[in-house]
Amino acid sequence: MPERPLAYDLPLEGFTDLLAGWGEPAYRARQVWQGLYRHYWNHPGQFTILPGGLRSRLDESLRFDPLAPSTTLESTDGATVKTLFELADGNAIEAVLMRYDPATHSGQGRRTLCISTQAGCAMGCVFCATGQMGFKRHLSSGEIVAQAIYYARTLAAAGEKATNIVFMGMGEPFHNYENTMAAIDRLNDQRGYNFGARRITISTVGLAPFIRRFAAEKRQVNLAISLHAADDDSRGRMLPVNRKYPLADVLEACREYIQSTGRRVTFEWALVAGVNDTPEQARLLAGLLKGMLCHVNAIPLNPTAGYSGQATTRQRAEEFRAILEQAGIPCTVRTRRGIDIQAGCGQLASRKDMGWNI
Ligand code: SAH
Ligand code: SF4
């Protein structure tokens, strides 16, 4: 028997068609949809509003539990939770929940979900644990959606809600463009989870044609670009994809995005001691970004098993920031989070593949 499709793979219209084929009225489809996205039910047995026959048919036809949470790790400060999910085919992915303390962060009670779009990643960025494990496969839209709904369910049990979703987990979202956008549409659907597009951020390594496509679609979703170096030689050594889409191409696509959407772009920069935390790189970067509606997010490198580069110091990070700010480019130096459980940016990889003993 072929593997059943995932309930989360279907938009509401898909449910309406499926159930119509079974002779069910449209309101039944809406009930299923609300069960999934308002109550976060993940087993047909929970849909007691439906007749028993329909529940059994749903159970036979669809999978409601695509992700099996197999390990949950909490950072020592309790603010970051990382979950390892087993997929039906034996692959594994990770997602992260970050709680921000209302007393110390401006975003009161922010709850950010960091979601994966692929098992592994084909882009091979040298400093990233996901890149180091290689590409396994794309996630379906339903597998992407299910990560957010898993956390929606666990947060709801504590009377909390997700406030932000970032596509910064495992994988390159623009390499799995269609499924990622379908997942966003489903999470955004007002008839279901109703998660605002403006509170969603996609981070890409810089696949220029897809930045252009994304620009043309004029979504309200925020865009972040992983830059990390300001000349093609250095960037190509860190991000092999730069050989295909060099800096000029990526930045031109970003300018088109800003022009057509009027939205600000965030550039991400993992500061590696002696590599890209130098005043020269800061000055080059300032030159590249001059006049652009943008913001630079710099973060000291998170350690990974396969890369020997070291995080910059606080002082170097501040000097880097100061050079950009003097040139009129807004820059924030982020604090690292969840390092003790390998839940920081670029540290996500399934234990199986990395042989981690945690
Ligand atoms: N594939 C996408 C999104 C996932 S990575 C992308 O590359 O943008 C999320 C962010 O973490 C990216 O900005 C990435 O460059 C960054 N990152 C990867 N490895 C890192 C590390 N070891 N330390 C800090 N940031 C890292
Ligand atoms: Fe993939 Fe992003 Fe990691 Fe690069 S940084 S290997 S694109 S997940």
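The residue numbering used here restarts from 1 in each chain and proceeds along that chain's sequence as written. As they are written, the chains are lettered A onward and the ligands numbered 1 onward, keeping that order. This being a predicted model, a pLDDT of at least 70 is required before a residue's local features are given, and a value of 80 or more before pairs of side-chain atoms are given or counted; all residues contribute to the totals for chains, interfaces and linings. With hydrogens and water set aside, each side-chain value is computed from the structure's full complement of heavy atoms.

Caption draft 1: Examining the overall build of the chain more closely. A helix here means a DSSP run of H or I that spans at least four residues, while a strand means a run of E at least two residues long, and both kinds are numbered starting from the N terminus. Across its full length, the chain carries 12 helices and 12 strands. Here the globule rule is a power law, 2.2 Å times the number of residues to the power 0.38, and the radius of gyration is based on C-alpha atoms. Over its C-alpha trace the chain gives a radius of gyration of 21 Å, about what one expects of a compact globule, namely 21 Å for 358 residues. When its C-alpha atoms are laid out on the principal axes, the chain stretches across 70 × 45 × 45 Å. For every residue, the accessible area (1.4 Å probe, protein chains only) is compared with the maximum for its type, and the residue is labelled buried under 20%, exposed over 50%, or partly exposed between those bounds. Looking at the 358 residues of the chain, the share that counts as buried comes to 53%. Partitioning the intrachain contacts of the chain with sequence separation of at least 6 by distance along the chain shows that 66% fall at a separation of at least 24. Residues count as neighbours in contact if any of their non-hydrogen atoms are within 4.5 Å of one another.

Caption draft 2: A look at the pattern of salt bridges. By definition here, a salt bridge exists when the distance from a side-chain nitrogen of Lys or Arg to a carboxyl oxygen of Asp or Glu is within 4 Å. For the structure on display, the rule yields 19 salt bridges. Here E143 and R137 are joined by a salt bridge, their closest N and O atoms 2.9 Å apart. For E143, a relative accessible area of 8% translates into the label buried. Salt bridges here are not isolated pairs; linked through shared partners, they connect E178, D185, R213, E217 and R219.

Caption draft 3: Molecular detail of the site of ligand 1. Neighbouring residues are identified by heavy atoms, a residue being near a molecule or strand if any of them is within 4 Å of it. The environment of ligand 1 is formed by 20 residues, the closest being F127, S203, S226, H228 and N302. Pairs of N or O atoms within 3.5 Å make up the polar contacts considered here, provided that, within protein, one atom can donate a hydrogen while the other can accept it, and that residues adjacent in sequence are counted only when both atoms are side-chain atoms. F127 places a main-chain nitrogen or oxygen 2.8 Å from a nitrogen atom of ligand 1. One nitrogen or oxygen atom from the side chain of S226 is found 2.6 Å from an oxygen atom belonging to ligand 1. Protein chains bury 95% of the 530 Å² of accessible surface belonging to ligand 1 in isolation. Just so you know the grouping, Ala, Val, Leu, Ile, Met, Phe, Trp, Tyr, Cys and Pro go in nonpolar, Asp, Glu, Lys and Arg go in charged, and all remaining residues, Gly too, go in polar. When the residues that make up the shell around ligand 1 are grouped by side-chain class, the tally is 9 nonpolar, 9 polar and 2 charged. Using the Shrake-Rupley algorithm and a 1.4 Å probe, accessible areas are obtained, with residue cover drawn only from the displayed protein chains.

Caption draft 4: Region of the structure containing the environment of T130. With respect to the element layout, T130 can be found in helix 4 (residues 129–133). Judged by its relative accessible area of 3%, T130 is buried. Along the chain, T130 and T304 lie 174 residues apart, while their C-alpha atoms are 9.5 Å from each other. Here T130 is in contact with G120, C121, M170, G171, G346 and L348, once residues within four sequence places are set aside.

Caption draft 5: Inspection of the packing of aromatic side chains at higher detail. Paired rings are identified among Phe, Tyr and Trp, the last through its six-membered ring, by centres lying within 6.5 Å, and are further divided according to the angle between planes into stacked (under 30 degrees), edge-to-face (over 60) and tilted (the rest). Under the defined criterion, the tally for this structure stands at 14 aromatic pairs. Between the aromatic rings of Y8 and Y37, the centroid separation amounts to 6.0 Å while the plane-to-plane angle is 75°, which identifies the pairing as edge-to-face. Pair noted here: Y8 is in the segment before helix 1 (12–21) and Y37 is in helix 2 (residues 26–37), with a separation of 29 residues, a long-range link. Note on accessibility: Y8 and Y37 belong to one class, buried. A connected cluster of aromatic rings, assembled from ring pairs, spans F174, Y177, F210, F214 and Y257.

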